[in-house]
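# Examining the three-dimensional arrangement
Each chain, letter by letter, is given below.
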Amino acid sequence: MAHTYPPLNVAVRTPRLTLAGASDDLLERLVPLVRAGIADAEPWPFDDPISFYADNPEREWRWLRSIWGGRSRVSPDAWRLYFAVLVDGEPVGMQDLVGRNFTRFGTVSSFSWLAPGSRGQGLGKEMRAAILHLAFAGMGAREAGSDAFVDNAASNRISQALGYEPNGTDWDTRRGEPGRIQQWRLTRDAWERVRRDDIELTGVEECLPVLGLDSVPGA
C-alpha cells in the first residue's frame, strides 16, 4: 500500500532482505521482538538513553514514541529514516539512516538492531550494505560514519568488512556505566570500490523533497 508520507514508501532490496519504510503496521509487527528483549546479554550494545534497557511495557511504549517523534522532527538540518528489516516477509529488526546538515556536508550515520534469534547469519552486514547503498547511490552521500562500543565485536567487524576506516575513539555510557566507543568513517571512494550491483532502490526520488533535497547531490 502506498503511503501519503514519502519516507514510508522507500524500500531497499537485496537478495537476502528488504529494508521497508517503518510504517505503523510494520512497527506493530516488530513490537513482539522489542517486548521479548533486544539487549539480552552483556556486553550491552547500546548507549544511554535507550528504551531497550527499560522494563515492559515501558520499553515498547518509549520505543514507539521515539520513532513517532523522530518522524515529526524532519528538516534539511536533521532527519532520520526508519526501516523495518524483512527476511522472507518477516520483520527481524530495524535499520535507520541519520542525516545532520546533509545538504551542506553530505554525511550520514546509521543505527540498527536485530532480534537475538536472527543474529550470526550475516544479516547485520547485509542490512548495513543496503542502507549504505541508499545513502551513497540514492542520496549522493559523501561520507558515512558509524560507532560502537569497543567490545561490540559484531558491529565493529561489519564496519571493517564494509571498508570503513578507524576514526578515533570517544566515551559514552550504557546502563549508567562508562564505556569506550570506536568511531568509523567510510568515504564515497572507499564505498565505490566495494559497490554492489544487486541492490535495488524504490521510492527514493519522491522522498528527497521531504529531506530538503531537490535532487541527488552531484547527479
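Predicted model, so just to flag it, every value in this text is computed and none were measured.

One key point about sheets: their strands pair by backbone hydrogen bonds, in either a parallel or an antiparallel sense. Ordered in space as β7-β8-β6-β5-β4-β3-β2-β1-β9, the nine strands form an open sheet in which the pairing is mixed. Strands at the two margins of the open sheet, each flanked by one partner only, are β7 (165-174) and β9 (200-202). Strand-to-strand twist of the sheet, defined as the mean angle between neighbouring strand axes without regard to direction, takes the value 25 degrees. In terms of strand pairing, strand β4 (residues 90-100) meets strand β5 (residues 107-114) through seven bridges, oriented antiparallel.

With that settled, the discussion passes to the UniProt feature "domain: N-acetyltransferase" (unreviewed entry) in the protein chain. According to UniProt, the "domain: N-acetyltransferase" (unreviewed entry) feature falls on residues 31-197. With 34% helix and 34% strand, the stretch residues 31-197 has end C-alpha atoms that lie 33 Å from each other.

Let us now look at the packing of helix α4 (residues 123-139) against helix α5 (residues 153-161). Running from N to C, α4 and α5 cross one another at 50 degrees; their axes reach a closest spacing of 10 Å. When the interaxial angle is binned, α4 and α5 end up oblique. Viewed along their axes, α4 and α5 form a crossing whose handedness is right-handed. Note on element contacts: α5 touches α4 through S155, I158, S159 and A161, opposite G124, K125 and R128. Its residues placed into classes, the contact of α4 with α5 shows two nonpolar, three polar and two charged.

The subject of this paragraph is the packing of helix α1 (residues 24-36) against helix α2 (residues 58-72). Interaxial distance between α1 and α2 falls to 9 Å at its minimum, and their mutual angle equals 145 degrees. The two elements α1 and α2 cross, and the hand of that crossing is right-handed. Together, D24, L27, L30, V31, V34, R35 and A36 of α1 and R59, E60, W63, L64, I67, W68 and R71 of α2 make up the contact between the two elements. Here the contact of α1 with α2 is built from residues that sort into nine nonpolar, no polar and five charged.

Moving on to the layout of surface pockets. Taken as a whole, the second largest pocket spans an internal volume of roughly 180 Å³. In terms of lining, the second largest pocket is formed by twelve residues, of which the most central are H3, L8, A20, G21 and L26. Sorting the residues of the lining of the second largest pocket by element identifies β1 (11-13) and β2 (18-21) as the ones contributing at least two each. Tallied by class, residues from the lining of the second largest pocket come to seven nonpolar, four polar and one charged.

Looking now at the environment of E60. Secondary-structure assignment places E60 in helix α2. Under the relative-accessibility criterion, E60 is labelled buried at 6%. Each C-alpha atom of the pair E60 and L30 lies 9.6 Å from the other, and the pair is 30 residues apart in sequence. Residues within four places of E60 in sequence aside, it is in contact with V31, V34 and R35.

About the thresholds
- Residue numbers run consecutively from 1 along every chain, following the written order of its sequence.
- Local features in this predicted model are restricted to residues of pLDDT 70 or higher, and side-chain atom pairs are both shown and tallied only at a pLDDT of 80 or more, whereas totals for entire chains, interfaces and linings draw on every residue.
- Side-chain metrics in this entry use all non-hydrogen atoms of the structure; hydrogen atoms and water are not considered.
- Strand pairing is assigned whenever DSSP identifies at least 2 bridges connecting the two strands.
- Numbering of helices and strands runs from the N terminus, with a helix taken as a DSSP run of H or I at least four residues long and a strand as a DSSP run of E at least two residues long.
- Throughout, an axis means a line fitted to C-alpha atoms (over the contacting stretch in the case of helices), and angles, computed between N-to-C directions, take values from 0 to 180 degrees.
- UniProt positions are given in the numbering used here, feature names are shortened, and annotations may be inferred rather than shown by experiment.
- Roughly parallel means an angle under 35 degrees; roughly antiparallel, over 145; roughly perpendicular, 65 to 115; everything else is oblique.
- Should the near helix be turned counterclockwise from the far one by less than a right angle, the crossing is left-handed, whereas a clockwise turn marks it as right-handed.
- When checking whether two residues touch, look at their non-hydrogen atoms; a contact exists if any pair is within 4.5 Å.
- Three classes are used: nonpolar for Ala, Val, Leu, Ile, Met, Phe, Trp, Tyr, Cys and Pro, charged for Asp, Glu, Lys and Arg, and polar for all others, with Gly counted as polar.
- Residues are said to line a cavity or pocket when one of their atoms sits within 4 Å of a point; the points come from a 1 Å grid over protein atoms alone, cavities being sets where a 1.4 Å probe fits but cannot get out and pockets being open sets with protein on both sides within 12 Å along at least five of seven lines.
- Grid points are joined across faces, edges and corners, and a volume is the space filled by probe spheres set on the points.
- Residue exposure (1.4 Å probe, protein chains only): buried if accessible area is under 20% of the type maximum, exposed if over 50%, otherwise partly exposed.

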